[in-house]
Amino acid sequence: MKAAVKTAEGDFEIKEVPMPEITRPDYVLVKIRSAGVCGSDLHRWKVPVPASVGRISGHELAGDIVAVGKDVTNVKVGDRVGVDSVVPCGECYWCKVGQYHICPYKGDIRGKTFARAFCEYVAGPSSHVFPIPDHVGYGEAAIMDVYGTSVHAINRLDIHMNQKVVVIGAGPIGLSLLDLVNVAGADGIIIDIIDHPLEFAKNTIGAYATINSKKEDPVAKVMELTDGRGADVVVDCVGGGASAFLLPQAVEMVRRKGIIGMVGMPSTDLNLHVDWRKLQMGEVDLIGVSGFYHWGNDREFQIVTDLLSKGKLHATEMITHRFPLEKINEAFTVAADKQGTNSIKVVLDS
Ligand SMILES: [Zn+2]
Ligand SMILES: [Zn+2]
């Protein structure tokens, strides 16, 4: 099969690689039809070789079931599916208590991963594929992974109707969270330093307010929008290691007894001037959010599948650019240049 294999810093080549196989009775083989380019893919793209040379990456994917192991009952050949690509070990403490999304051993252990999206076929456990109806496109289904994280954020941060929720960062994760803030019946205020995604947030998703923090003071504006009280929930969705530097602002704009969610991955060397006293005296909750698992009895990925199927999400509008897999280098260049191309979500089709 064909696969986009990283051969140099910032470069993929389409190569012929061995077909994956059904190695366990509960496995399925998926013909990949669409794969989303994630910020984390972009992050690894530019790092020097051999950090990920020879690897097939990508973790936002959807496709068709083309073969099933003998124990598979939830899908059959021909089904169209979205894929929850994070496969946990199934054996550690967290997996055993159902918190598989924070399994320290998840990912590429013993070949147990679906996170090989930039190629033609992938095999993995049937418990991680979710059938989609015919009216849902493969591209939309591929970016359910993005929405999964945001559903988990709504769950973890207890976002509910009539709240004022600030989303910092209007990348795909921030915009998908804004979409779900609306589904939850809260008011979403979104902050970024680029106008285009803010206009998209306002005009397409329906933000309560948008703030370009290069043009106006975001803390003052949030205070104005919340009767001087501060937001009920502030969620940091800025990726690329910069995230935690916005924690001081998040603390300033959250209300007492409010909640701060950390969705974007923070830098590891922090030297922050945070109003720790407000955190303590104001009883502000600081909550980490990572991946997705289940909400009550329901898989969060299934919640996304259902919302998407019912037309409640703006997944179609989020996809601004599509390329065939062969043009992966062009796709990554467009995805990395948000300002120059006005790209939001870039999807590869095969
Ligand atoms: Zn992703
Ligand atoms: Zn585990």
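Given the structure is predicted, the values throughout are model-derived calculations rather than measurements. Residue indices begin from 1 for each chain and proceed along its sequence in written order. Chain labels run from A onward and ligand labels from 1 onward, assigned in the order the entries are written. Only residues with pLDDT of 70 or above have their local features reported here, since the model is predicted, and side-chain atom pairs are shown and tallied only from 80 upward, although totals for entire chains, interfaces and linings are computed over all residues. The basis for the side-chain values is all heavy atoms of the structure; hydrogens and waters are excluded.

**Student:** Run through the overall build of the protein, naming residues and quoting values.
**Tutor:** Where helices and strands are cited, they refer to DSSP runs of H or I of at least four residues and of E of at least two residues respectively, numbered from the N terminus. The secondary structure content of the protein amounts to 13 helices and 17 strands. For the protein, whose C-alpha radius of gyration is 20 Å, the value lies close to the compact-globule estimate of 20 Å for 350 residues. Its C-alpha atoms put the protein at 60 × 45 × 40 Å along the principal axes. Taking contacts inside the protein between residues at least 6 apart in sequence as the whole, the part at least 24 apart equals 70%. Surface accessibility in these figures is a Shrake-Rupley result with a 1.4 Å probe; residues are shielded only by whichever protein chains are displayed. Within the structure as shown, the protein displays about 15,500 Å² of accessible surface, and the carbon and sulfur contribution to it stands at 51%. Each charge class in the protein can be summarised by its mean position, and for the 36 positive and 43 negative side chains these summaries are 3 Å apart. Throughout, the radius of gyration refers to the C-alpha atoms, and the reference size of a globule is 2.2 Å times the residue count to the power 0.38. Here a residue-residue contact requires only that any non-hydrogen atoms of the pair lie within 4.5 Å. Positive residues here are Lys and Arg, negative ones are Asp and Glu, while His and the chain termini are left out of the count. Charged groups are reduced to one reference atom each: NZ for lysine, CZ for arginine, CG for aspartic acid, CD for glutamic acid.

**Student:** Tell me about a negative patch on the surface, and name the residues and values.
**Tutor:** Only residues whose relative accessible area exceeds 30% and that form no salt bridge are eligible for patches; like-charged ones are grouped when within 9 Å, while nonpolar side chains (Val, Leu, Ile, Met, Phe, Trp, Tyr) are grouped when within 5 Å. One side-chain nitrogen of Lys or Arg within 4 Å of one carboxyl oxygen of Asp or Glu is enough to make a salt bridge. A cluster of like negative charges, contributed by Glu216, Asp217, Glu252 and Asp275, occupies part of the molecular surface. With respect to the secondary-structure elements, Glu216 resides in the loop between β10 (209-212) and α7 (218-225). Overall, Glu216 belongs to the partly exposed group, its relative accessible area being 34%. Accessible area is worked out with a 1.4 Å probe on protein chains only. A residue is then buried under 20% of its type maximum, exposed over 50%, and partly exposed in between.

**Student:** Go over the coordination of the zinc ion (ligand 1) with me, naming the residues and quoting the values.
**Tutor:** The zinc ion (ligand 1) binds to the protein through Cys38 (SG), His59 (NE2) and Glu60 (OE), with metal-donor distances spanning 2.1 to 2.5 Å. Spacing between the donor residues of the zinc ion (ligand 1) along their common chain follows C-x20-H-E. Since its relative accessible area comes to 1%, Glu60 is described here as buried. Donor atoms (N, O, S) are those found within 2.8 Å of the metal centre, with the cutoff raised to 3.2 Å for Na, K and Ca; water is not part of the atom list, so apparent gaps in a site can occur.

**Student:** I'd like a rundown of the coordination of the zinc ion (ligand 2), residues and numbers included.
**Tutor:** Donor atoms from the polypeptide that bind the zinc ion (ligand 2) are Cys89 (SG), Cys92 (SG), Cys95 (SG) and Cys103 (SG), placed at 2.3 to 2.4 Å. All geometry calls rest on donor angles, where a four-donor set with angles between 85 and 135 degrees is tetrahedral, four- and six-donor sets with opposite donors more than 155 degrees apart and all others between 65 and 115 are square planar and octahedral, and all else is irregular. If you look at the zinc ion (ligand 2), its four donor atoms make angles of 104 to 113° with each other, and the shape they trace is tetrahedral. Mapped onto the sequence, the residues coordinating the zinc ion (ligand 2) show the spacing C-x2-C-x2-C-x7-C. Assigned by exposure class, Cys95 and Cys103 land together as buried.

**Student:** Help me get a handle on the sheet that holds strand β13 (residues 285-288), residues and values and all.
**Tutor:** A pair of strands is considered paired only if DSSP assigns at least 2 bridges between the two. Across the sheet, which stays open at both edges, the six strands sit in the order β10-β9-β8-β11-β12-β13 with parallel pairing between neighbours. Two strands close off the open sheet at either side, each with one partner strand: β10 and β13. The average angle at which neighbouring strand axes cross in this sheet is 20°, direction not considered. Those strands touched by helix α5 (residues 172-183) are β8 (164-168), β9 (187-192) and β11 (231-236), and its axis lies near 165° from that of β9. Convention adopted: a line fitted to C-alpha atoms gives each axis, helices being fitted over their contacting stretch, and angles between N-to-C directions are expressed from 0 to 180 degrees.

**Student:** So what's going on with unusual backbone geometry? Residues and values would help.
**Tutor:** Positive phi is not limited to glycine here, since Glu283 has a value of about 50°. Among the secondary structure elements, Glu283 is positioned in the loop between α9 (276-281) and β13. Unusually for a residue other than glycine, Asn342 sits at a positive phi of about 55°. Checked against the element boundaries, Asn342 lands in the loop between α13 (338-341) and β17 (345-349). A residue is classified by how much of its surface remains accessible, and Asn342, at 36% relative accessible area, is partly exposed.

**Student:** Describe in detail helix α12 (residues 328-336), supporting the description with residues and values.
**Tutor:** Inspection of α12 places Ile328, Ala331, Phe332, Val334 and Ala335 among the buried residues, and these make up the whole buried set. Down the axis of α12, the buried side of the element spans an arc of 160°, and every buried residue falls inside it. By definition, the arc is the one covered by directions from the helix axis to the C-beta atoms.

**Student:** Provide a residue-level description of the side chain of His152, including the pertinent values.
**Tutor:** As for its placement among the helices and strands, His152 is situated in helix α4 (residues 144-156). Among the residues examined, His152 registers a relative accessible area of 1% and is labelled buried. The contact partners of His152, leaving out residues within four places of it in the chain, are His101, Val289, Ser290, Gly291, Phe292, Tyr293 and Glu300.

**Student:** Describe the nonpolar core, and please don't skip the residues or the numbers.
**Tutor:** A general trend in soluble globular proteins is that nonpolar side chains are found buried together. Among buried residues, the Ala, Val, Leu, Ile, Met, Phe, Trp, Tyr and Cys ones that are joined through side-chain atoms within 4.5 Å form a nonpolar core. Counting residues in each nonpolar core, the largest one holds 49 residues, and the members touching the most others are Leu157, Ile159, Leu175, Ile190 and Val235. Elements represented by at least two residues in this core include exactly α3 (138-142), α4, β8, α5, α6 (195-205), β11, α10 (300-309) and α11 (315-318). Examining the composition of this core, we find that six residues originate from one element, α4, more than from any other. A domain-level breakdown of this core finds at least three residues from each of domain 1 (2-142 + 314-349) and domain 2 (147-288). Where each domain starts and ends comes from a domain assignment, either automatic or drawn from a database.

**Student:** Give a description of the packing of α4 against α10 that names residues and reports values.
**Tutor:** Relative orientation of the contacting elements α4 and α10 amounts to 110°, with a least axis distance of 9 Å. With respect to their mutual orientation, α4 and α10 come out roughly perpendicular. Here the hand of the crossing between α4 and α10 comes out right-handed. Here Met144, Asp145, Tyr147, Gly148, Val151, His152 and Asn155 of α4 come into contact with α10, specifically with Glu300, Phe301, Ile303, Val304, Thr305 and Leu308. A breakdown of the residues in the contact of α4 with α10 according to their chemical character gives seven nonpolar, four polar and two charged. When describing relative orientation, an angle under 35 degrees is termed roughly parallel and one over 145 degrees roughly antiparallel, while 65 to 115 degrees is termed roughly perpendicular and anything else oblique. Handedness of a helix crossing follows the sense of rotation of the near helix relative to the far helix, less than a right angle counterclockwise being left-handed and clockwise being right-handed. Any residue outside Ala, Val, Leu, Ile, Met, Phe, Trp, Tyr, Cys, Pro, Asp, Glu, Lys and Arg is labelled polar, Gly included; the first ten of those are nonpolar and the last four are charged.

**Student:** Before we move on, could you go through a nonpolar patch on the surface and cite the residues and values that matter?
**Tutor:** Side chains of Tyr93, Trp94, Val97 and Ile102 sit close together on the surface and give an oily, nonpolar patch of about 400 Å² of accessible area. Of note, Trp94 is situated in helix α2 (residues 93-96). Residue Trp94 is classed as partly exposed on the basis of its relative accessible area of 33%.

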